[in-house]
Structure formats: structure tokens, C-alpha cells
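Structure assessment
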Amino acid sequence: MKVYQCDQCEYASVSNKYRCPSCGTGKLQEQDVSSRGTVYSYTDIHIAPAEFAHLTPYTVALIQLDESKAKVTARTNGNVEIGDVAELDHIEDGAYIYRKC
Amino acid sequence: MTNVYIEGIGMTKFGKFVDKSMKQLLVEASIEALEDAGNPKVDAVFVGNFMGGSIGNQEILGALVANELGLGYIPTAKVEGACASGGIALRQGIMGILSGEYDTVLIAGVEKMKHASTADVTQAINAAMDNDSNEKQAGLTFPGFFGVLANRYFYETDATKEHLAMIALKNRENALHNPLAQFQKPTTIAEIMEARIITSPLGLFDCSPTTDGAAALVITRKKGAIHIRSSAQSSGPTQMQDADDVLSLPAVRESGRLAYERAGVGPEDIDVVEIHDCFSMTEMLAIEELGFFNKREGWLAVEQGRTKATGDKPVNTSGGLLSRGHPIGATGVAQLYQLVQQLRGIAPNQVEHARLALAQNLGGTGSYSTVHILERL
Ligand SMILES: [Zn+2]
């Protein structure tokens, strides 16, 4: 998984930015890290906008990556709880689909 | 400190008005505000609106107001900041007066949502997410964002779904006394707890409704009874995955900090509050971020009834977005409508001797926040 790590401070994100929003001076450097992480929180979505309605109910989780300070928002295939260990299963229409390990 | 005063207020009933156009709602609220202000000459108009284009096929709202009211060929603009459109429109008016360009400005906010299907409205609301992101593609929604926050809040504190239900119930009880509120049917904790789940743990009563409605204010540099002590605005992360602390809304915290600093007051001085409770969970976080209660202890204050109209820090005496209703672009203006009534001593759920009032308006998943602090002179 690609993450962007500040070269001046601890900040990291899964999306690139022109400059580090945390320290304001650092540049973000692309890094490859493991997709493995821990479920930080989640929600089960029962009512969704038209474009996702066919998937309901589905779970969206915020994953704290093991090898980076960055978190990633992912859809999971199946229910999860806070603290579950999960990893990337595949990428679908630009969405990260995670599964429990 | 600003040199700006609120001279007039107007608001339509909030609810479902399929037979009224967006223009009619705007004009109704604006005329009421102008009459309340004694029909002053207006130098500019700012209208807060979010989805008039996408689900109503109607733009040029500023010019429509000026034309329908016969205000002359004055400058006008529509302001978009998702659910903070109204608060930002007010702020633009204040900045216009502070710059010296205008003496008197009409601020209006409007939304018409009830004619569209839930799927279409949800889709249009999702325009306030970062569409070019893996997060949006994962299927995260606004209620989903606050559902994720709520589950983490429960994990880190002893709060439960019942504390969110207490917020929803309080706001419904306040709305029962507000004749302009959308929901005026009593409810119970049990009914709220058992309602259909939208995005776990949030159920139907934890989510603000779709609403038609408008609100308006006349602001002026001429000294009057209601002083806008300060106006502040901040931005925050546009994606949940970029939040440093998921249980923090930096835009709310920062706009609050700036507003207190500029007004020369602190959270302990505020007598009455209107907060952006788009979800019950949002109110929980905002009462902490604005410094009324310690971080991760808002649920205790809720449990103790401190945010009720009879508590020491009354929040959303209008019924809030949850029960007064949430016509998106009108919300930030409607908050001021309620607070001006509080300071005039004629509000539904009147807080005795209210002198300092605070309004906080949020847009997106914490993308925008405005805070205004008012004082009765
Ligand atoms: Zn940095």
C-alpha cells in the first residue's frame, strides 16, 4: 500500500498533499508499506446513496496501518469489530476492500 | 470585536412545502427580516444555499432576492459551504461591513429538499465529500462518518447509544415548544433506541431530516441591541482517514478558539448555544470541542441534563437540526434567528437573563466551521 510520509515530522496520509498540513514545511514522500492494520473504528451502512444502494448493508472501517501513522478508510467484506486485524483483499472501483486476518 | 449588529430576523416554518418554490421561501423569510429591521436601505445580499442547482435547477439566488424585493441593482452572491453555507454567508456579510464597503446587508439561507427522492438527496449531499478519493469510493457517507466516530467514542469512554438518544430526545423536547420546528410530535428514549438503524450505531432519530425552509437576517453597522461580538471560520480535514484524532473536529475547535479570542470571552461566559447537530454524535463532539465540557466527557454532561434548556449550558433550545429541521443552506442563519430571540427574551425555551450566545455551523465531514458570538447590549 502507498502512503505519503512527511520528511520533517510524524505526519503520514494515504493521499498526497502539496505540503505537510501538520508542520507546514515538510514535503510528503511516497512509501510502500504493508496493508496490514487494526480496525480503529467502523460503521455498518444500511441506508446509502443511489450509487452504493445495491451494496447495503455494508461495513466501512477506518484501519490504522501497522507500518505507518496513516489510517485508511476501507470497505470490509464481512462484519468487523474495533481491534480486529485486517489486510487488503483487493481494490475495486478505487475502493480498498479489506478482510479480517 | 466587530462593529456589526443584527437589526432584523425572519424565518419560514421548517417542514415540507412542495407547493412553494425556493424563491418564495427566500422572499418570505427576507421580507420578515426587513420588516423586523424597519425596512432599511440594503447595500448587498448574501444567500447561503447548497443544492439549489443540483436538485432544484435554480441558481442566481442573490439576484432573485434583490429583484423580487426591489432592492435595486446592488451586489449579491450565493455562498456555498455545504451545511455551513448559511454561516459562511453571514460571515461574508460581516466582512463586507467590516471592510467599509456596505452599511447594511441582507443575509438569507434556503434549501428545498422534500420534492426529491431520498436516494437523489443523499447523492446530492455526497457532493460535499471528496469525490476523488478512495474513502468516497469505499461507500462512506455523512451518517457513516459520524457512525464511525460514535463507535470509537463508545470504545474510548463509558458512553453508550443511550447517551446519543438523550441528545435526540432533548432536542425533540425543545422543538415541541418551537412553532417553526419541523418535528412537533413527542417521543421517548425507547422509541429512539429502537428506531431503524441508518449507519450503526446511529438510528433514524440520531440523523437530521431533509427539510424545506428559509431564514434571513438584516445586519448593519448602525448600533443596535444585538451585537455580533465576533465571527470566525476554519477549515478541517475533508477526509476521515486524514484526521489526526478521529474524536476531534479541528475546524470546530479552531473556529471556536478564534471566536472566543476575538470576542474576549470564554466558553464559561456563554449563556445559550446553537450547535450543528446534524447527528446526535456531532452535538456530543461539538460541546467538547467548543470547550463547554472536557474532551471525552460530553456524555457525562448530557447524562446530567446540563445541556437541556433548564441546564447550566443550554444547547439547541430551538430543537436543533435534529428536530427544528435542516434545510441545509438555511441552517446557519436559522441558528442566529433562535439566538436573537433568546437575547430579546422572547424565544421558545427562553433561557433567563441570556446575554451571550454562541452559534456553530458545520459543513461536510468537518470541512468547514463557523462560530458567531452575540451579545445583548
Ligand atoms: Zn510535517
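Described below are features of the structure shown in this document. (Residues numbered from 1 in each chain as written. Chains lettered and ligands numbered in written order. Predicted model: local features only at pLDDT ≥ 70, side-chain atom pairs only at ≥ 80, totals over all residues. Heavy atoms only, no water.)

1. Brief notes about the interface of chain B and chain A
Interface size, as often reported, equals the accessible area lost upon joining of the parts. Contacts between the two partners involve 31 residues from chain B, matched on the other side by 32 residues from chain A. Summing both sides of the interface, chain B and chain A together bury roughly 2700 Å²; the carbon and sulfur share of this comes to 53%. Inspection of the chain B/chain A interface yields three salt bridges. In this structure, K17 of chain A engages D242 of chain B in a salt bridge whose closest nitrogen and oxygen atoms are separated by 2.8 Å. Secondary-structure elements contributing two or more residues to the side of chain B that touches chain A are α5 (118-125), α6 (134-137), α7 (142-156) and β5 (197-199) of chain B. The dominant element in the side of chain B that touches chain A, judged by the number of residues it contributes, is α7 of chain B, at seven residues. (Contact = heavy atoms within 4.5 Å. Buried area = accessible area lost by both parts, 1.4 Å probe. Salt bridge = Lys/Arg side-chain N within 4 Å of Asp/Glu carboxyl O. Helix = DSSP H or I, 4+ residues; strand = E, 2+ residues; numbered from the N terminus.)

2. So, α7 of chain B
All names here are of chain B. Taking 1.5 Å of rise per residue, the 15 residues of α7 would be expected to cover 21 Å, and the 22 Å separating its terminal C-alpha atoms lies within 8% of that figure. Burial within α7 is extensive, with 13 of its 15 residues counted as buried. Where α7 begins, one side-chain oxygen reaches toward the backbone nitrogen of G144, 3.0 Å away; that side chain belongs to T141. (Expected span 1.5 Å × (residues − 1). Buried < 20%, exposed > 50% of the residue type's maximum accessible area, 1.4 Å probe, protein only. Polar contact = N/O pair within 3.5 Å; in protein donor to acceptor, adjacent residues only side chain to side chain.)

3. So, the coordination of the zinc ion
Residues and elements named next belong to chain A. At 2.2 to 2.3 Å from the zinc ion lie its protein donor atoms, namely C6 (SG), C9 (SG), C20 (SG) and C23 (SG). In this structure, the zinc ion is coordinated by four donor atoms arranged in tetrahedral fashion, with angles at the metal of 105 to 117 degrees. Read in sequence order, the donor residues for the zinc ion give the motif C-x2-C-x10-C-x2-C. Of this pair, C6 sits in strand β1 (residues 2-6) while C20 sits in the loop between β2 (12-13) and β3 (28-32), and the two are 14 residues apart along the sequence. By relative accessible area, C20 is classed as buried at 1%. (Donors = N, O, S within 2.8 Å, 3.2 Å for Na, K, Ca; no water. Tetrahedral: all angles 85-135°; square planar, octahedral: opposite > 155°, others 65-115°.)

4. A look at the pattern of salt bridges
Within the structure shown, the criterion is met by 31 salt bridges over all chains. The partner of K2 of chain A in a salt bridge is E30 of chain A, with the nearest N and O atoms 3.6 Å apart. Residue K2 of chain A is located in strand β1, and its partner E30 of chain A is located in strand β3; the two are separated by 28 residues in the primary sequence. Exposure remark for K2 of chain A: the relative accessible area of 39% places this residue in the partly exposed category. E30 of chain A sits in the partly exposed class, given a relative accessible area of 49%. The salt bridge involving K222 of chain B is made with E7 of chain B; its shortest N-O contact spans 2.7 Å.

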